[in-house]
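# Chain and residue survey
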Amino acid sequence: MKKKLIMLFVCIAMSLSLVACSDNGKKVSSQKTVSDENEKTTSAESTEGEIVEEDGMRKEPVITDKELNRSGETGPIKYNLKAIQVSKLTATTDDAADLLQIEKDKESALVAIDIEIENTSDDTISIYPDQGTITTNTKEQATAEIFLSDGLGGEMKGQIKKDGTVFFILKNSKADDINKITYYVDAPHDENFDSVGDDIEVELNFK
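Note that this is a predicted model, so its numbers are computed, not measured.

### Some points on the overall build of the protein
Along the backbone of the protein there are 2 helices and 14 strands. Taken across its 207 residues, the protein has 54% of its residues classed as buried. For the protein, restricting intrachain contacts to residue pairs at least 6 apart in sequence, the fraction spanning at least 24 positions comes to 67%. When the accessible surface of the protein is totalled, it reaches about 10200 Å², and 40% of it is carbon and sulfur.

Structure (structure tokens):
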């Protein structure tokens, strides 16, 4: 039963695809937009999402940007935060609440960030975006939910690319209250565990 719930939640949590696992999803007509430090807003097409209700879990997107594209470099690693979605998340059954480790019937926030990383060197470099941390204007900090994320972290043996989605659950925040998220990842390191770049810190502001 727990395995089934985990697989189902992975399905509905893949919110950046904006395709619900259920045919009963309803379109969200109004959401916040995302801005960068220069207050550039997203297009209307980037703010679509679907309400999903399945097996004791409910997800309602309030912020979606499929064209976020916040890129940078740290040492030999290039990274791009391609997309983000922030959703209201509610567990309506005891099983779902236990799986997500949140309080039943209490609204939490789900943050999903779609990320691409590239090792531009011939060396083996390790970096762990799926063990990153976020902080918010709601004064909450959360580490990535590794069992949901796409195995984005680890060794990169030479010039390769990886992409995946990293998920965070904010147990004490409401999605509607979030207007700022800062994402942190520790610096990449080489095979000797020596740092080969700087820590990643990306600030995202919402309108």
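### Some points on a negative patch on the surface
On the surface, a cluster of negative charge is made up of Asp186, Asp198, Asp199 and Glu201. The topology assignment puts Asp198 in the loop between strand S13 (180-185) and strand S14 (200-206). Take Asp198: its relative accessible area is 60%, and that puts it in the exposed class.

### Focus: the packing of aromatic side chains
Within this structure, the stated rule accounts for 1 aromatic pair. Relative to Tyr183, the ring of Phe168 has its centre 6.1 Å away and its plane inclined at 80 degrees; by these criteria the two rings are edge-to-face. Of this pair, Phe168 sits in strand S12 (residues 161-170) while Tyr183 sits in strand S13, placing them 15 residues apart in sequence. For the residue pair Phe168 and Tyr183, the accessibility class agrees, reading buried in each case.

### Considerations on the pattern of salt bridges
Using the criterion set out here, one finds 6 salt bridges in the structure. Arg58 is paired through a salt bridge with Glu53; the nearest N and O atoms lie 3.5 Å apart. Arg58 sits in the partly exposed class, given a relative accessible area of 25%. The partner of Lys88 in a salt bridge is Asp176, and the shortest N-O contact between them spans 3.1 Å. Highlighted residues: Lys88 in strand S6 (residues 77-91) and Asp176 in the loop between S12 and S13, separated in sequence by 88 residues. Looking at Asp176, the relative accessible area reads 41%, which means it is partly exposed. Linked through salt bridges whose partners overlap, the residues forming this network are Glu53, Arg58 and Glu60.

### A look at empty space enclosed by the protein
For the structure on display, the rule yields 2 cavities of 30 Å³ or more. In this structure, the second largest cavity is lined by Tyr79, Leu81, Ile115, Ile117, Pro129, Tyr183, Val185 and Ile200. Elements supplying a minimum of two residues to the lining of the second largest cavity: S6, strand S7 (108-119) and S13. Counted by class, the lining of the second largest cavity contains 8 nonpolar, no polar and no charged residues.

### A word on the side chain of Glu60
Here Glu60 shows up in strand S4 (residues 57-65). For Glu60, the side chain forms a polar contact with the side chain of Arg58, separated by 3.0 Å.

### Brief notes about the pairing of strand S5 (residues 70-74)
As judged from the 5 bridges shared by S5 and S6, these two strands associate in the antiparallel manner. Directly across from Gly72, in S6, lies its bridge partner Tyr79. Once S5 ends, the chain turns through 2 residues before running back antiparallel as S6, passing Gly75 with a positive phi of about 60 degrees.

### Here's the deal with the confidence of the model for the protein
Overall, the predicted model of the protein reaches an average pLDDT of 81, with 76% of residues at or above 70. In this model residues 14-30 is a low-confidence stretch, pLDDT under 50, and it forms 39 contacts with partners more than four residues away in sequence or in other chains. Taken together, the stretch residues 36-48 has pLDDT below 50 and engages in 27 contacts with residues farther than four places along the chain or on a different chain.

### Some remarks on the environment of Asn205
Positionally, Asn205 belongs in strand S14. With 24 residues separating them in the primary sequence, Asn205 and Ile181 have C-alpha atoms 6.6 Å apart. In this structure the side chain of Asn205 is engaged in a polar contact, spanning 3.3 Å, whose partner is the side chain of Glu203.

Criteria and thresholds
Residues numbered from 1 in each chain as written. Predicted model: local features only at pLDDT ≥ 70, side-chain atom pairs only at ≥ 80, totals over all residues. Heavy atoms only, no water. Helix = DSSP H or I, 4+ residues; strand = E, 2+ residues; numbered from the N terminus. Buried < 20%, exposed > 50% of the residue type's maximum accessible area, 1.4 Å probe, protein only. Contact = heavy atoms within 4.5 Å. Areas by Shrake-Rupley, 256 points an atom, 1.4 Å probe, with all protein chains shown as cover. Patch = residues over 30% accessible without salt bridge, like charges linked within 9 Å, V, L, I, M, F, W, Y side chains within 5 Å. Salt bridge = Lys/Arg side-chain N within 4 Å of Asp/Glu carboxyl O. Lys, Arg positive; Asp, Glu negative; His and termini not counted. Charge placed at Lys NZ, Arg CZ, Asp CG, Glu CD. Phe/Tyr/Trp six-rings, centres within 6.5 Å; stacked < 30°, edge-to-face > 60°. 1 Å grid on protein atoms, 1.4 Å probe; cavity = no way out; pocket = protein on both sides within 12 Å on 5 of 7 lines; lining within 4 Å. Points joined across faces, edges and corners; volume = space filled by probe spheres on them. Nonpolar A, V, L, I, M, F, W, Y, C, P; charged D, E, K, R; others polar. Polar contact = N/O pair within 3.5 Å; in protein donor to acceptor, adjacent residues only side chain to side chain. Pairing = 2+ DSSP bridges. pLDDT = per-residue confidence, 0-100.

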